[in-house]
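Structure assessment
Okay, here's what each chain looks like letter by letter:
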Amino acid sequence: VNSEYQYKVSELEEVNTDLDNLFASTNVGIIFLSKDLRIRKFTPAFRDIFSLLPTDSGRNISSFKSKLPADQHEILIHRIQEAALNDVSDEFELHNGRDLWYQIRVTTSIDSTSESGNGLVISFTDITNLKHLSEKVMLQEETYRNIFNNSMVSIWQLDLLKLFDQIRFWKH
């Protein structure tokens, strides 16, 4: 029996080490919270949002100040509390007040034995590049719209595939 326990402990240590290596290799801030919002585990990248130490496990996430502006921090904590209270997922974006945008995804952590929620998994994905590209596309769209609206030249668009389909239809 003792050797079986040692084998199980060894397996669990190996899985835990694999998870720690996976967390360290991702550039996504992820935190695992219990149902009462106590910190269970987090990735190193999560420290870009909250200044946490490994010894902070077991403490309530709402007792920490994030690196977000106060209004964004309040929104974050409120949305996390609502997701935990209502046992629902949530997704939203927050700005760090300087130069970074995050997409935050709050999902319920499911206990495989009871298939019910036993906490939350919260991921912070840096979408700054996506936001900048989106802004550039909107500016280009506005520029082209102004060119088209103020141009003295007629502009029209022709869908050649649709035209060929109509010609084939007329031939029959």
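Attention now goes to the pattern of salt bridges. The full count for this structure, using the stated rule, is 10 salt bridges. The partner of Arg59 in a salt bridge is Asp56, and the shortest N-O contact between them spans 3.2 Å. Overall, the relative accessible area of 40% leaves Arg59 in the partly exposed class. Residue Glu141 is joined to Arg145 by a salt bridge in which the shortest nitrogen-to-oxygen separation is 2.6 Å. Of this pair, Glu141 and Arg145 both sit in helix α3 (residues 128-150), 4 residues apart, which is roughly one turn of that helix. Exposure remark for Glu141: the relative accessible area of 41% places this residue in the partly exposed category. Overall, Arg145 belongs to the partly exposed group, its relative accessible area being 42%.

Let us look at empty space enclosed by the protein. Inspection of every chain in the model, using the stated rule, returns 1 cavity of 30 Å³ or more. Size it by volume and the largest cavity reaches roughly 40 Å³. Every residue lining the largest cavity is listed: Ser34, Lys35, Ala84, Asp87, Thr108, Gly119 and Leu120. Looking at side-chain class alone, the lining of the largest cavity contains 2 nonpolar, 3 polar and 2 charged residues.

Turning next to the pairing of strand β2 (residues 39-42). Where strand β1 (residues 29-34) and β2 come together, 3 bridges link them in antiparallel fashion. Along β2, the bridge assignment pairs Ile31 with Phe42. Between β1 and β2, which pair antiparallel one after the other, the connecting turn spans 4 residues, and Leu37 there sits at a positive phi close to 65°.

So, about the layout of surface pockets. Looking at the largest pocket, its volume works out to about 160 Å³. In terms of lining residues, the largest pocket is bounded by Asp20, Phe23, Lys41, Phe42, Thr43, Pro44, Arg47, Pro54 and Ser57. Mapped by element, the contributors of at least two residues to the lining of the largest pocket are α1 (2-25) and β2. Class assignment of the residues belonging to the lining of the largest pocket gives a composition of 4 nonpolar, 2 polar and 3 charged.

Here we come to unusual backbone geometry. The phi dihedral of Leu37 is positive, around 65°, even though this residue is not glycine. Note on placement: Leu37 falls in the loop between β1 and β2. In this structure Leu37 comes out as buried when scored by relative accessible area, which is 9%. Although it is not a glycine, Asp87 sits at a positive phi angle of roughly 55°. Residue Asp87 is classed as partly exposed on the basis of its relative accessible area, which comes to 39%.

Conventions and cut-offs
- Residues numbered from 1 in each chain as written.
- Predicted model: local features only at pLDDT ≥ 70, side-chain atom pairs only at ≥ 80, totals over all residues.
- Heavy atoms only, no water.
- Salt bridge = Lys/Arg side-chain N within 4 Å of Asp/Glu carboxyl O.
- Buried < 20%, exposed > 50% of the residue type's maximum accessible area, 1.4 Å probe, protein only.
- Helix = DSSP H or I, 4+ residues; strand = E, 2+ residues; numbered from the N terminus.
- 1 Å grid on protein atoms, 1.4 Å probe; cavity = no way out; pocket = protein on both sides within 12 Å on 5 of 7 lines; lining within 4 Å.
- Points joined across faces, edges and corners; volume = space filled by probe spheres on them.
- Nonpolar A, V, L, I, M, F, W, Y, C, P; charged D, E, K, R; others polar.
- Pairing = 2+ DSSP bridges.

Take it as geometry only, folks, not as evidence of what the structure does.
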